[in-house]
Each structure stands twice: as structure tokens, then as C-alpha cells.
Amino acid sequence: MTDLKKYAYKVSAAGRVNIIGEHIDYCGGKVMPAALSLKNTVYVRPNGTDKINLSWTTLPGSVSFDIASLGSYRDMPYGKYQAGSAFLWQRAGHKIVGCDMLQDCTVPFGSGLSSSAAIEVSTIAALATVAGEPFDRAEVALTAQAAEREYAGVNCGIMDQYASACGKKGMAMLLDCKTLECEYIPFELGGWSLVITDCKKPHNLVESKYNERRAETEEAFAVLKEHVPSAACLADITPGQFARFSRLLPAVIKKRAAHVINECERVKLAEAALRAGNIEALGKLLNASHDSLRDLYETTGSEPDVLADAARSHPACAGSRLTGGGFGGCTISLVRSECEEQFKNYLLKAYREKVGYDAVCYSADISDGIIVEKIN
Ligand code: GLA
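What counts, and at which threshold
Residues numbered from 1 in each chain as written. Predicted model: local features only at pLDDT ≥ 70, side-chain atom pairs only at ≥ 80, totals over all residues. Heavy atoms only, no water. Near = heavy atom within 4 Å. Polar contact = N/O pair within 3.5 Å; in protein donor to acceptor, adjacent residues only side chain to side chain. Areas by Shrake-Rupley, 256 points an atom, 1.4 Å probe, with all protein chains shown as cover. Nonpolar A, V, L, I, M, F, W, Y, C, P; charged D, E, K, R; others polar. Buried < 20%, exposed > 50% of the residue type's maximum accessible area, 1.4 Å probe, protein only. Helix = DSSP H or I, 4+ residues; strand = E, 2+ residues; numbered from the N terminus. Pairing = 2+ DSSP bridges. Axes fitted to C-alpha atoms, helices over the stretch in contact; angles between N-to-C directions. Phe/Tyr/Trp six-rings, centres within 6.5 Å; stacked < 30°, edge-to-face > 60°. Lys NZ or Arg CZ within 6 Å of the ring centre and 35° of its normal. Contact = heavy atoms within 4.5 Å.

## As for the site of the ligand
Around the ligand, twelve residues are found, and the nearest of them are Glu 22, His 23, Asp 25, Asp 160 and Tyr 210. A distance of 3.0 Å separates an oxygen atom of the ligand from a polar atom in the side chain of Arg 16. Within the side chain of Asp 160, a nitrogen or oxygen atom sits 2.6 Å from an oxygen atom of the ligand. Here the ligand loses 97% of its free accessible area of 310 Å² to cover by the protein chains. Residues that form the shell around the ligand fall into these classes: five nonpolar, three polar and four charged.

Structure (C-alpha cells):
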């Protein structure tokens, strides 16, 4: 067992769920994520050398990066996200000092709960902290997003890294991805609970059609903006404008854009429902979001569909949807709290019967994003 007291700081960043607003961040609209108590924690101390030494609680061995050549670790099997995050933070003009880092990740990998964002954000925050630099959370998020694009090859939006850095305990975030303005809405569900369930079909956005979907939305916007010059991004197109001009789009592109336009409307309704404490209305919006991801955006897949359908067939469930990039990963379900255990048993049994292997429910609270604690 490693002696954690020998480290100077404990710096963590959160995984996230997205409550609603899926595949909207890179279209410039509003999304509603929340940071989770599942997180990546970095124990860090200065080591007086010109190297970053990295080890993990869950992996044997360690790796070292030269501070002078942080850009040269792209092909490492383990540690490239950390090296990439450090490199991009350095490239943005920040000081990097030699340090030892021990990383401990409780966000399940490949679950669609943004383990990579939690790793990138916490690594950057730890490097700034050990260098004695105050940091701006939004800048950390933007740098982490750049690392995800350059090092993981996912042309992602800003939602995951922003939630990981700037989330607040007990709060849903209403993040405008065009301006990065963020409102915090108390995530108060009354007698309802949020159940997170992993379909355990590995989700890998690099190998998936994530980048293709993004390109399809760009194609849609390139056509629509000719007719709506005031729009700066696809999310700016109103449902009325879309109804007028959508006939100009090829069939598949029209479906993708229809998802985006409708999902932006659902985010507005979800904000109102959450503020009003109307969880049944929020649940219906979750269902509509999943159906749109399944039928129009085509990012769900059979296992997440089985999970969402099984959840909805339970009488204590107000709604259920796949959260995150898709093609596997986790669903979120709104469930009457007094029936939570019974619901989970029902859901896991139904899934096993239909799919032939086990799904898993995770316990997590809505938590703070980056947390820095001094150890000694
Ligand atoms: C992934 C990406 C995010 C976002 C979601 C879909 O999680 O990293 O930027 O696009 O998919 O909403």
C-alpha cells in the first residue's frame, strides 16, 4: 500500500453524466451535464528533477516524461493522455515542474462517464497546483479538450471537460457551449433518484462514428446557414427555420440535424421541468431524447436500447436514456426512490435475459468538479 502522506497535494476531477442535450455541445447549443463523485484523483509532489514520473493505483509499473519533450509521448499505451495534457498546458505558456504523480481513477473506463476528461482535467490541475500557479477552471477544461482531440483522436465538444472541471455538488449545469456561460440549477429530485446503469458494451468513441456524426452536423449547417445568415452554429437554427429549409438537406443529414434542433428544444423544456420539480415531465424528455438518438442520430445500439426499454417498462421509472457519446456506455433513469433497489434488480435481470450478460449499476452523487486538497 502506497504511503499517500508523502505527496504534497491531492487533486481530483470528476466524471460526468449528461442529463440531456446530447451531441449538442459541438453544435454550439446548451447542454445539461452534472459532475459525479466518480473521479480521477492525482496525488502529486515536486521532485526537483526535469521529469514527470507517473504511476497508477490500478496498474503495475510507472512511466517518466521529460519536461523538455512532452510532445513526444503520443504512442505510449499508458500515460499518453497525461503526457498530452501536460504538453498542451505547457504549449499554452504554463510552467511545468518535475513531479511524481500517482493516479487513482474510480470512473469506469469505456462507460461513457468521461474517464478520459477526468484524467486530463485532474492532470492539468495537479500540474498547475504543484507549480504553484493558480488556474482558471475554464482554461483547464479547454486545454483538456484540446488534449482529447490531439491525443485521443476524438473531435469532441467541450461538455465533458467543462463538467469535469467546473461541476458543483448537488447542481446540474446548464452550459451554453457557444459562450461557455454556465448556470447551475439545483438537482433536486424530491422523491426520485437518478440510477446510472452501464450496459457493459465497451464504448470507444475513436472507433465509433462519433467524428462522422460531427461532420454530418457541419454539413447540415453549411447548407442551412446560406439561408439563415444570422445563425452562427447549427443550434442557432430555430425549429421554424428548420421546417422551411430542411428539404434542402440530403435525407441522412436531415435526420441528424432534426435531432439537434429538437434536442435543443428539449433542453429548454428540461430546464423548466427541473426548476419546477416536475420529474415526470423531465423523464418524458429523457425518453424522447433517447428515441431521437436511436432513430435520427443513430448513436444508441441494441444493448443501450434494451436497457432503456427495460427501464421504462418498470412502473417506478419516469424516463430513461443513454447518456454521453453513445454506441455503448451508460443509461440514466429517473426512478421513485422508494423503489430504487427493486428497480435495479428488475432492470439487471431483464437485461441479462435479453442480452446474455450482466449490466452494472453505479452508485454516485452529483459532486464538485476539480477539488484541490493540501496533504503536507
Ligand atoms: C462525448 C463528447 C462530448 C459530447 C458527447 C455527446 O462525450 O466528448 O463532447 O459531444 O459525447 O453529447
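Let's pick the thread back up.
## Digging into the pairing of strand S9 (residues 317–322)
Counting buried residues along S9, six of its six residues qualify, which places the element largely inside the surrounding structure. Across five bridges, the pairing between S9 and strand S10 (residues 330–336) is antiparallel. The partner of Arg 321 across the bridge, within S10, is Ile 332.

## Focus on the sheet that holds S9
Strands sit in the order S9-S10-S8-S11 across an open sheet of four strands; the sheet is antiparallel. In the strand order of this sheet, the two ends are held by S9 and strand S11 (360–362), each with one partner. Each strand axis lies, on average, 25° off the axis of its neighbour in the sheet, ignoring direction.

## Describing the packing of aromatic side chains
Under the defined criterion, the tally for this structure stands at five aromatic pairs. Taking the centre distance of 6.2 Å and the plane angle of 65° together, the rings of Trp 56 and Tyr 78 count as edge-to-face. Separated by 22 residues along the polypeptide, Trp 56 in strand S3 (residues 51–56) and Tyr 78 in the loop between strand S4 (62–66) and helix H1 (80–91) bring together distant segments of the chain. The side chain of Arg 74 reaches across the aromatic face of Tyr 151, ending 4.4 Å from its centre.

## Re the side chain of His 23
Looking at where His 23 falls in the secondary structure, it is placed in the loop between strand S1 (9–20) and strand S2 (30–46). For His 23, a relative accessible area of 4% translates into the label buried. From its side chain, His 23 meets the backbone oxygen of Gly 325 in a polar contact 2.9 Å long. With residues near it in sequence (within four places) discarded, His 23 still touches Tyr 210, His 259, Val 260, Leu 293, Tyr 297, Thr 299, Gly 324 and Gly 325.

By themselves these figures say nothing about function.
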